[in-house]
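# Architecture at a glance
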Amino acid sequence: MFAQLYQSTILKNPKSIFIVLVIALLSFGYFSKEFRLDASSETLLIEGDPDLEYLREITERYGSKEFLVLTYTPNEPMISESSINNLLSLKYKIQSLNWVHSVITLLDIPLLNNSDAPLQERLEGFKTLKDEDVDRERGFKEILNSPVFRNFVISIDGKTSGIIVNIKKSKELEDIESKSKKEIEDYKDKIKKQNHQNILEIRDVIKSYESVGKIYLGGIPMIADDMMTFIKSDIIVFGIGVLLFIIATLWFVFRKLIWIIIPISSCFFSVLIMMGLLGILGWKVTVISSNFIALMLILTMAMNIHMSTRFLQLRKEFENKTNFEILSLTTGKMFWPILYTVLTTVCAFLSLIFSEIKPIIDFGWMMTFGLITSFLITFTLLPTLLNFVQSTNISLKEEKDSKITKFLGTLSINNNNFIFGLTTLIIALSVLGISKLEVENSFINYFDKNTEIYKGMKLIDEKLGGTTPLEIIIKFPKSETNENNEDDDFDDWENEEDTNDEKYWFTKDKIDKIKSVHNYLDSLPEIGKVLSFSSIIDVATQLNNNKPLGTLEMGVLYSKIPENIKTEIIDPYISIEDNEARINLRIIDSKENLRRNDLINKINYDLENKIGLDKSEFKLAGILILFNNLLQSLFKSQILTLGLVMIGIFGMFIILFRNIKLSLIGVVPNFIAAFFILGIIGLLEIPLDMMTITIAAITIGIAVDNSIHYIYRFKEEYSRIQNYEETLKTCHSTVGVAILNTSITIVFGFSILVLSKFIPTIYFGVFTGIAMLLAMISVLTLLPSLILKVRPF
């Protein structure tokens, strides 16, 4: 019934079908201009993560601007006349860019120890290194020894200084609630373009100062922008690389132009229609889905090779049938196996929907729609094009049997025990490797050592106190607010007509608590710069001729400090209104063997058990926590999805083959390949990241295709031949060749990803490639050995 309908509508009307396909191509092609990229850090966060809400709340409370960091290592000493003049001129040059809010350099730091005037006077009329009448040596020494600025604005060796470039807040986001989705997207795109422009502008400025020393750029906006650039180049490089490679493979397999043109048109149609669909749906390609075009090309290709190979084999077998009859036979025989391969692969990609991370969910949906598109194109465009061609142009010269499949076939028949022994060894190794798997996410190791991102981050890590920020908020119990107010000295201060309650907030208990947490964090080797109210007190103590300040003096000093100094120096670290203090620190991201999850757990444990805080008295927040949540949740969801993929695929095998033994035999080789690849990653001690974590599910989904084609053909041939060994030889020389060809295409297709500048993509390409190779070998050795052993028919 279905076959007749298909023949009468599609196979018998090649011209009208072709016209319909071209119209579809043009209309979707038009929308492919809406195809967008997105590399913002939001794409990598978990939807509705409470830690994200908390971070936004803190950012709101303590005020935080977006900023870029420059590292400046002059050729001459830091405070030589020329270095200071160059730094000043660089500062003014950057300051003149219209998107810059302020630029803070070594030369803007208030020098409070530079004269012997009374403290109040020094505070009000403070000097900086750029002033004429300043003792520069003394000033520089003060900054180098400053608890606040050392290892933050100036490296400990005094040779590298940091320049903070604060970016103006973007306008126009006022009544965002009333805006439509499209307006918000356009606004985000505008911000991204603006950000890209900003980075280009500041890089131009930096370039013009190359001669005065080494200057690197760092900061979140730059990382986001560079990642965008990488994704763009990745998509182009992979797309073109995979395409060229596919053409080469097709030539190698078929040696005839027509067999290159037809599959390539299928690929072209599928990809363009899919890009149009993404444009219409407004889905964006992110770091994670940037290889989606390459994947689609590879998978469309595989379907086409199977169809074409079968068509040619039937053409050879029934020489006197017409093209139309052969097409009906081919599509009839290939419909179910190809449909099932699509469904099993879709099952693997749909498993990604169970992760809580939007780009991974989107990637799952993209590939699902992409596979359905490829399937439809393969069964409409391919037969249509073949209908236009004379049958004499199609068939190939007499082909020799593939040596590789012949060898693997003989191996399966004669060396059964060797194959089972090797399989057992592989399973043991996989279990060992998988037990060593861990997830870890170091931004800095995502980039090649030669990239600007890497060099800048490494220098900031080593010289200026680390890159990844972490916040620790200490909440004080209510009762602590008004303790030590019965101070004897207190009456002397009363004559102020000052009803300011804020100064009573500073109690010994609070200060001690902040200090002990600060010192504990400072002692951890993974942590770079720690800043808190405690650092400010250390500065004040230095200014007070190293006499510690009483809590009351602190209170009074707080109410006396000029407002502008207060907002810059004190407000970021305490919130009297909320009765809490904030400690801000940065992790040294490039530290060898840094384990972020362990570090977070250690800090949480120690604050409670060593420092003696109650669980309700502190909370960790920041980018570090968000990324850690992301990875831990990915790890959990992937373990879960692997199980789902296996059950789903096993279920499909049972429906397809209606034979439990056969279904088990069919899935085993692929599951082993997927586990072995995870095992290898574990044994090599490569931590899983956002991309490599999806390898196992994808491997199973794609590799299972080989099993389906092989078993389907074996079943068909066996009913004719009625001898296991002979059937095996026939299958290895027919469908085995198609499996070998598609697998080689897939393996090399994935290996194109090695050209990426983004390390996780490289790992993804290499390991998926290896996994496909393993899956192919096991389908052509272990699978037939199991069939011979179990004899399921």
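The structure displayed is predicted, hence computed values, not measured ones. (Residues numbered from 1 in each chain as written. Predicted model: local features only at pLDDT ≥ 70, side-chain atom pairs only at ≥ 80, totals over all residues. Heavy atoms only, no water.)

### Some details on the overall build of the protein chain
As a reminder, the rule being used: A helix here means a DSSP run of H or I that spans at least four residues, while a strand means a run of E at least two residues long, and both kinds are numbered starting from the N terminus. Burial classes follow relative accessibility: with a 1.4 Å probe on protein chains only, a residue under 20% of its type's maximum area counts as buried, one over 50% as exposed, and anything between as partly exposed. For the accessible areas, the method is Shrake-Rupley and the probe is 1.4 Å, while residue cover comes only from the protein chains on display. In summary, the charge assignment counts Lys and Arg as positive and Asp and Glu as negative, without counting His or the chain termini. Lysine's charge is taken at NZ, arginine's at CZ, aspartate's at CG and glutamate's at CD.
From N to C terminus, the protein chain includes 28 helices and 11 strands. For the protein chain, buried positions account for 57% of its 793 residues. Total accessible area computed for the protein chain in this model is approximately 35,200 Å², and 59% of it derives from carbon and sulfur atoms. Side chains of the protein chain give 79 positive and 92 negative charges; the mean places of these two sets differ by 14 Å.

### Details of a nonpolar patch on the surface
This is how it is decided: Each patch is built from salt-bridge-free residues with over 30% relative accessible area, joining like charges within 9 Å and nonpolar side chains (Val, Leu, Ile, Met, Phe, Trp, Tyr) within 5 Å. Should a side-chain nitrogen of Lys or Arg be within 4 Å of a carboxyl oxygen of Asp or Glu, the pair is scored as a salt bridge.
Nonpolar side chains collect at one region of the surface, where Phe-418, Leu-422, Leu-425, Leu-429, Leu-432 and Leu-683 lie side by side and expose about 510 Å² of accessible area between them. Structurally, the position occupied by Leu-422 is in helix 14 (residues 416–435).

### Quick notes on the packing of helix 21 (residues 596–609) against helix 22 (residues 623–657)
Spelled out, the test is: Note on definitions: angles span 0 to 180 degrees between N-to-C directions of axes, and those axes are lines fitted to C-alpha atoms, for helices only across the stretch in contact. Any angle from 65 to 115 degrees is called roughly perpendicular, while one under 35 is roughly parallel, one over 145 is roughly antiparallel, and all others are oblique. Handedness of a crossing follows from how the near helix is turned relative to the far one, being left-handed for an anticlockwise turn of less than a right angle and right-handed for a clockwise one. By definition, residues are in contact when any of their heavy atoms lie within 4.5 Å. Residue type decides the class: Asp, Glu, Lys and Arg count as charged, Ala, Val, Leu, Ile, Met, Phe, Trp, Tyr, Cys and Pro as nonpolar, and the leftover types, Gly among them, as polar.
For the pair helix 21 and helix 22, interaxial distance at closest approach is 10 Å and the crossing angle is 120°. Taken as axis vectors, helix 21 and helix 22 run oblique relative to one another. Taken as a pair, helix 21 and helix 22 cross one another with a handedness that is left-handed. Facing helix 21, whose interface residues are Arg-596, Asn-597 and Ile-600, helix 22 presents Leu-624, Ile-625, Asn-628 and Gln-632. Across the contact of helix 21 with helix 22, the residue classes break down as 3 nonpolar, 3 polar and 1 charged.

### As for the sheet that holds strand 4 (residues 161–167)
Rules: At least two bridges found by DSSP between two strands is the condition for calling them paired.
Taken together, 4 strands build an open sheet; the order of strands is 3-4-2-5 and the sheet is antiparallel. Where the open sheet ends on each side, the last strands, each with one partner, are strand 3 (100–104) and strand 5 (213–218). Here the average twist between neighbouring strands, direction ignored, is 20°. Sheet topology note: the strand 2 (residues 67–74)/strand 4 ladder contains 6 bridges and is antiparallel. Counterpart to Leu-70 in the pairing with strand 4 is Ile-163.

### Considering the environment of Ser-80
Stated precisely, the cut-off is as follows: Here a polar contact is taken to be a pair of N or O atoms separated by no more than 3.5 Å, where protein atoms must pair a possible hydrogen donor with a possible acceptor and residues adjacent in sequence count only if both atoms sit in side chains.
With respect to the helices, strands and loops of the structure, Ser-80 is situated in the loop between strand 2 and helix 4 (81–95). Along the backbone, Ser-80 and Glu-137 are 57 residues apart, and their C-alpha atoms lie at a distance of 9.9 Å. Within the structure, Ser-80 has its side chain in polar contact with the backbone oxygen of Pro-77 (distance 2.9 Å).

### Description of the pattern of salt bridges
Taken as a whole and judged by the stated rule, the model has 27 salt bridges. The partner of Lys-33 in a salt bridge is Glu-34, with the nearest N and O atoms 3.3 Å apart. Taking relative accessible area as the criterion, Lys-33 reaches 52% and is therefore assigned exposed. The exposure class of Glu-34 is partly exposed, given its relative accessible area of 28%. Here Glu-57 and Arg-61 are joined by a salt bridge, their closest N and O atoms 3.0 Å apart. Here the residue Glu-57 and the residue Arg-61 both occupy positions in helix 3 (residues 50–62), the gap between them amounting to 4 residues, near one helical turn. Here the salt bridges share partners, and the residues they tie into one network are Glu-57, Arg-61, Asp-578 and Glu-580.

### Structural notes on the environment of Lys-510
With respect to the helices and strands, Lys-510 occurs in helix 17 (residues 508–522). On the basis of relative accessibility, which here comes to 0%, the residue Lys-510 falls in the buried class. Along the sequence, Lys-510 and Asn-579 sit 69 residues apart, while their C-alpha atoms lie 9.9 Å from each other.

### Comments concerning helix 17
As a reminder of what qualifies: Multiplying 1.5 Å by the residue count of a helix minus one yields the expected span of that helix.
The terminal C-alpha atoms of helix 17 lie 21 Å apart, and with 15 residues this matches the ideal 21 Å at 1.5 Å per residue to within 8%. Residues of helix 17 that are buried in the fold lie against strand 7 (468–475), strand 8 (527–531), helix 18 (533–543), helix 19 (551–560), strand 10 (580–587) and helix 21.

### Some remarks on the packing of aromatic side chains
Counted only if it meets this: Here is the rule: rings of Phe, Tyr and Trp (six-membered ring for Trp) pair when centre to centre is within 6.5 Å. Planes less than 30 degrees apart are stacked, more than 60 are edge-to-face, and the remainder are tilted. A ring has a charge above it when a Lys NZ or an Arg CZ is no more than 6 Å from the ring centre and no more than 35 degrees off the ring normal.
All told, the structure shown has 27 aromatic pairs when counted by the stated rule. Seen in terms of ring centroids, Phe-268 and Phe-269 are 6.4 Å apart; in terms of plane orientation they differ by 80°. Their pairing is edge-to-face. The class of Phe-268 is partly exposed, set by a relative accessible area of 47%. Where Phe-750 meets Phe-764, the ring centres are 6.1 Å apart and the plane angle is 75°; that geometry is what we call edge-to-face. Of this pair, Phe-750 sits in helix 26 (residues 735–751) while Phe-764 sits in helix 27 (residues 759–780); the two residues are 14 residues apart in sequence, bridging distant segments of the chain. Taken together, the ring pairs in this structure connect Phe-2, Tyr-6, Phe-335, Trp-336, Phe-375 and Phe-379 into an aromatic cluster. A cation sits over an aromatic face here: Lys-33 above Tyr-30, 4.3 Å from the ring centre.

### What about the nonpolar core?
The tendency in soluble globular proteins is for nonpolar side chains to be buried side by side. The cut-off we apply is this: We define a nonpolar core as any set of buried Ala, Val, Leu, Ile, Met, Phe, Trp, Tyr and Cys residues linked to one another through side-chain atoms lying within 4.5 Å.
Grouped together as the largest cluster of nonpolar side chains are 242 residues, with contacts concentrated most on Ile-94, Leu-106, Phe-292, Leu-521, Phe-533, Ile-603 and Tyr-710. With 16 residues, the single largest contributor to this core is helix 10 (residues 292–317). The residues touching Tyr-710, leaving out its near neighbours within four places in the chain, are Leu-728, Cys-731, His-732, Val-735, Ile-739, Val-779, Leu-780, Leu-783, Pro-784 and Ile-787. Counting 5 residues, the second largest nonpolar core, distinct from the first, contains Tyr-54, Tyr-62, Ile-473 and Ala-621.

### Examining the packing of helix 22 against helix 24 (residues 695–721)
Where helix 22 contacts helix 24, the two axes come as close as 11 Å, and the packing angle between them is 15°. As summarised for this structure, helix 22 and helix 24 are arranged roughly parallel, according to the angle between their axes. Every pair of crossing elements has a handedness; the one defined by helix 22 and helix 24 is right-handed. For the pair formed by helix 22 and helix 24, the contact residues are Gln-638, Leu-642, Val-645, Met-646, Ile-649, Phe-653, Leu-656 and Phe-657 on the first element and Ala-696, Ala-697, Ile-700, Gly-701, Val-704, Ser-707, Ile-708, Ile-711, Tyr-712 and Lys-715 on the second. Looking at the contact of helix 22 with helix 24 residue by residue, the class counts come to 14 nonpolar, 3 polar and 1 charged.

### Thoughts on the side chain of Thr-300
Mapping Thr-300 onto the fold places it in helix 10. Of note is the side chain of Thr-300, whose polar atom sits 2.9 Å from the side chain of Ser-374.

### Observations concerning unusual backbone geometry
In the Ramachandran plot, Arg-255 falls in the positive-phi region, its phi being about 50° despite a non-glycine side chain. Relative to the helices and strands, Arg-255 resides in the loop between helix 8 (220–254) and helix 9 (258–281). Residue class for Arg-255 comes out partly exposed when judged on its relative accessible area of 48%.

### Description of the pairing of strand 4
Note on strand geometry: in a regular strand, side chains alternate between the two faces of the sheet. For strand 4, the tally of buried residues reaches 7 of 7 residues, placing the bulk of the element in the interior. With burial as the criterion, each face of strand 4 is covered, one bearing Ser-161, Ile-163, Val-165 and Ile-167 and the other bearing Gly-162, Ile-164 and Asn-166. Pairing between strand 3 and strand 4: 4 bridges, direction antiparallel. Each residue of the ladder has a partner; that of Ser-102, found in strand 4, is Asn-166.

### Focus: the confidence of the model for the protein chain
Here is the rule: pLDDT measures how confident the predictor is about each residue, on a scale from 0 to 100.
Residues at a pLDDT of 70 or more form 94% of the protein chain, whose mean pLDDT is 84. Per-element confidence in the protein chain is highest for helix 4, whose mean pLDDT is 93, and lowest for helix 16 (residues 490–493), whose mean pLDDT is 44. Ignoring residues within four places in sequence, the model shows residues 480–499, a span with pLDDT below 50, making 26 contacts including any to other chains.

### As for helix 10
Between its terminal C-alpha atoms helix 10 stretches 38 Å, which fits the 38 Å expected from 26 residues at 1.5 Å a residue. Taking burial as the measure, the 26 residues of helix 10 include 24 buried ones, the bulk of the element.

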